[in-house]
Amino acid sequence: MSDKATGASWMVSADQNESAAKAAVSAINSHFSKAGVVASVLKHSSGSKRSYVSIECPPEHWLALAKWLRFDNGVNHCSMITGIHHPDGGADKGWEVVAHLMRMPVKNQEPGVAHVMRGGELEGNDIPMEYEVGIILPPSTTPTVPSVQSVWVGADWNEKETWDLVGINFEGHKDMVRVLNPHDSPVGFHPLQKQHRLRYDGFNEMYDDAQGFGRKPIDADKVK
Amino acid sequence: MAQMWITMGPQHPMTHGLWTLRVKIDGETVVDTEPELGYIHRGVEKICESRDFTQITPYCDRLCYASAMTWAHSYIYAAENLLEVEVPERAEYIRLIANEMQRIASHLMWLGAYTPDTGNLTVFVWCLRDREMFLDLMQELGGSRMHYNFPRVGGVKRDLPIGFADRARAKTKMFLERMQEYEMLLDESTIFLIRTQGVGYAKAEEMVNAGVTGPNVRAAGVNYDVRWAHPYSVYDEIDWEPSVEKQASIKGADCYDRYRVRMEEMRQSALMILDALDKIPGGADTHYSPGDEMILSKAPNRAPEGASGFHHFEDPRGESMFYLQGGGEGRGKSPYRMSIRSPMFITIPFVAKTMIGYKIADIPAIMGSFDPCIGETDR
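Notes on the structure in this doc start here. Everything numeric here is computed off the predicted structure, so don't read it as measured data. (Residues numbered from 1 in each chain as written. Chains lettered and ligands numbered in written order. Predicted model: local features only at pLDDT ≥ 70, side-chain atom pairs only at ≥ 80, totals over all residues. Heavy atoms only, no water.)

**Quick word on the overall build of chain A**
Within chain A, the regular secondary structure consists of three helices and seven strands. The order of α-helices and β-strands along chain A, N terminus first, is α-β-β-α-β-β-β-β-α-β. Counting over 224 residues, chain A shows a buried share of 48%. Across chain A, contacts joining residues at least 24 apart in sequence account for 59% of those joining residues at least 6 apart. Entry remark: accessible area of chain A is about 10,900 Å², with carbon and sulfur atoms responsible for 53%. (Helix = DSSP H or I, 4+ residues; strand = E, 2+ residues; numbered from the N terminus. Buried < 20%, exposed > 50% of the residue type's maximum accessible area, 1.4 Å probe, protein only. Contact = heavy atoms within 4.5 Å. Areas by Shrake-Rupley, 256 points an atom, 1.4 Å probe, with all protein chains shown as cover.)

**A few points about the pattern of salt bridges**
Residues and elements named next belong to chain B. Throughout the structure, instances matching the rule amount to 36 salt bridges over all chains. Put simply, Arg 169 and Asp 166 hold a salt bridge, and the shortest N to O gap is 3.6 Å. With Arg 169 and Asp 166 both in helix α6 (residues 164–187) and three residues apart, this pair spans about one turn of that helix. Judged by its relative accessible area of 49%, Asp 166 is partly exposed. Through salt bridges with shared partners, a single network forms among Glu 100, Arg 103, Arg 218, Asp 225, Arg 227, Glu 265 and Glu 314. (Salt bridge = Lys/Arg side-chain N within 4 Å of Asp/Glu carboxyl O.)

**Some remarks on a nonpolar patch on the surface**
Together, Leu 121, Phe 124 and Val 125 of chain B give the surface a local cluster of nonpolar side chains, amounting to about 280 Å² of exposed area. Among the secondary structure elements, Phe 124 of chain B is positioned in helix α5 (residues 122–142). (Patch = residues over 30% accessible without salt bridge, like charges linked within 9 Å, V, L, I, M, F, W, Y side chains within 5 Å.)

**Overview of the environment of Leu 63 of chain A**
Residue and element names in this part refer to chain A. You can see Leu 63 is positioned in helix α2 (residues 62–72). Distance in space between the C-alpha atoms of Leu 63 and Phe 189 is 27 Å, their sequence separation being 126 residues. Excluding residues that lie within four positions of it along the chain, Leu 63 makes contacts with Pro 146, Ser 147, Val 148 and Val 151.

**Things to note about the side chain of Asn 216 of chain B**
Residue and element names in this part refer to chain B. Assignment of secondary structure puts Asn 216 in helix α9 (residues 215–218). With relative accessibility at 0%, the residue Asn 216 sits in the buried group. A polar side-chain atom of Asn 216 sits 2.9 Å from a polar atom in the side chain of Arg 262. Apart from the residues within four sequence positions on either side, Asn 216 is in contact with Met 207, Arg 258, Arg 262, Arg 317, Met 344, Thr 347, Ser 369 and Phe 370. (Polar contact = N/O pair within 3.5 Å; in protein donor to acceptor, adjacent residues only side chain to side chain.)

**A word on the sheet that holds strand β3 (residues 29–36) of chain B**
Residue and element names in this part refer to chain B. With antiparallel pairing, the three strands of this open sheet are ordered in space as β1-β2-β3. Whereas interior strands pair on both sides, the edge strands pair on one side only; in this sheet they are β1 (3–8) and β3. For this sheet, the mean inter-axis angle between neighbouring strands, taken without regard to orientation, is 20°. Pairing geometry for β1 and strand β2 (residues 20–26), over six bridges, is antiparallel. Bridge pairing links Met 8 to Leu 21 in β2. The strands touched by helix α13 (residues 343–354) within the sheet are β2 and β3, with β3 carrying the most contacts at an inclination of about 165°. (Pairing = 2+ DSSP bridges. Axes fitted to C-alpha atoms, helices over the stretch in contact; angles between N-to-C directions.)

**Regarding unusual backbone geometry**
Residue and element names in this part refer to chain B. In this structure, Ser 233 is a non-glycine residue whose phi angle is positive, near 50°. Structurally, the position occupied by Ser 233 is in the loop between α10 (226–229) and α11 (255–279). Of note in this structure, Asp 371 is not a glycine but carries a positive phi near 65°.

**Quick word on the side chain of Glu 80 of chain B**
Note on placement: Glu 80 of chain B falls in helix α3 (residues 68–83). Each residue touching Glu 80 of chain B, except ones within four places of it in the same chain, is listed here: Ser 45 and Ser 46 of chain A together with Val 85, Val 87, Arg 95, Arg 152, Val 153, Gly 154 and Gly 155 of chain B.

What follows is the structure in structure tokens.
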């Protein structure tokens, strides 16, 4: 059976992927160059080393960029929006929001039709592409970015989670509630901020004390 | 008639886990829904910020009890992008075999849980019986029955055991024959058809916009698959195509279409296992000792500050993804931030809204057809 056909004949090819990434980057750079948005083609460093589009965006232009990507470039899928706390990031970088978007050639179909796409047939905005958008925020007690809930429905719960866990505010988000932490968590408690440490922080079970007899939680003196 | 809220869950057979669906009903008709998650949130992302890259794999196994192998691999591919590791081709084949076995086992678990929801208890027992075959095979790889801790950054823990290929071929072929029995039992069961056909319509574009991916989208007539669009591992060397189902109505894919696409996907995965066992470099009957360069390449254990890696992965439930940023504790031995995209976390709010307009008795049929798993949802 080793002479069987392979999937490569109908998959999205590496050349296609790279030229689509370059086209997307030049479109973004020509459209948003004055707004301080910088796009570049990066490659995954392992595996098949496919290209993806990496974008650095100032927070004030994020909503405009998102709308343009969604409605003019066919980026129809918001995969993940996540936040990172950088307490030691310096004067410019206190927080970071990273959005991962994808372009999927998905269209509604007629009943009884299976639309089998072949990689080689796809052109322009139909070629699947990965986008990574990094938004750097200055140090602040109330980090804020615009919400893209109105652009992608899928961004809604991603933003809820990011606010719940990291504490980044999404301006314009309707119905912001806690989703993973309990609803009665204290105001301002966002566990993925770096000032919160694990109870057994700094304790290495593997090397310090394999049995765990000597371990004490960091709040041992506060808990009865 | 007055409208009222009723609470389904956290302990309800519909939930397939631990979460609450609050439903507003008008008579028998659902008019509004509100999901509540977070019952088993255990802070995996926070814990992993103080674990080194090898120690994280078992935590990722435990993200989903029905699909541990694929979640561990999802993490490992992102970690390899972060640490810039090349993986030997034989290890990629072993990973592919392990992942496709897990996909079958996960879909069997889904089918076994879904058919009692829709009035057929026999298939539940059959599914768990056949899932056991694949759990046995994966136990040979990972040493444990549910949480395997099998992949390593740069390869896999162990090679295929002696005789594994023959056992895998025999069991996969037996499974392919038994698939016909399932289909006879379900496709000709009037009760199953009545419960699943014509309920839970969802359109492809709406699903993708709402973040729903994987088999749920392929049920709506589109063959989008991460393994096809952004090929990783050795999927480009295997003879396969994404399964795709023709939707029955202009309103989108219904529960029956989603059942059909998962059946096709199991068949596809079984054929991929057979093909990969034939094509694996070095031969499926050879056994390399652990740590051999055929199955494990050297990997750095630290990632510098500012480095990042992510990977989109086709999980049985849709597109999963890990985002890792380097430069954490221990001079980069841990990730500074690990972020997990769970397909079900995004899907559950969408499914809750698709239920509006259907009868309250349709809720288990609709919810189950999207294959919820709460371990990964709450993380």
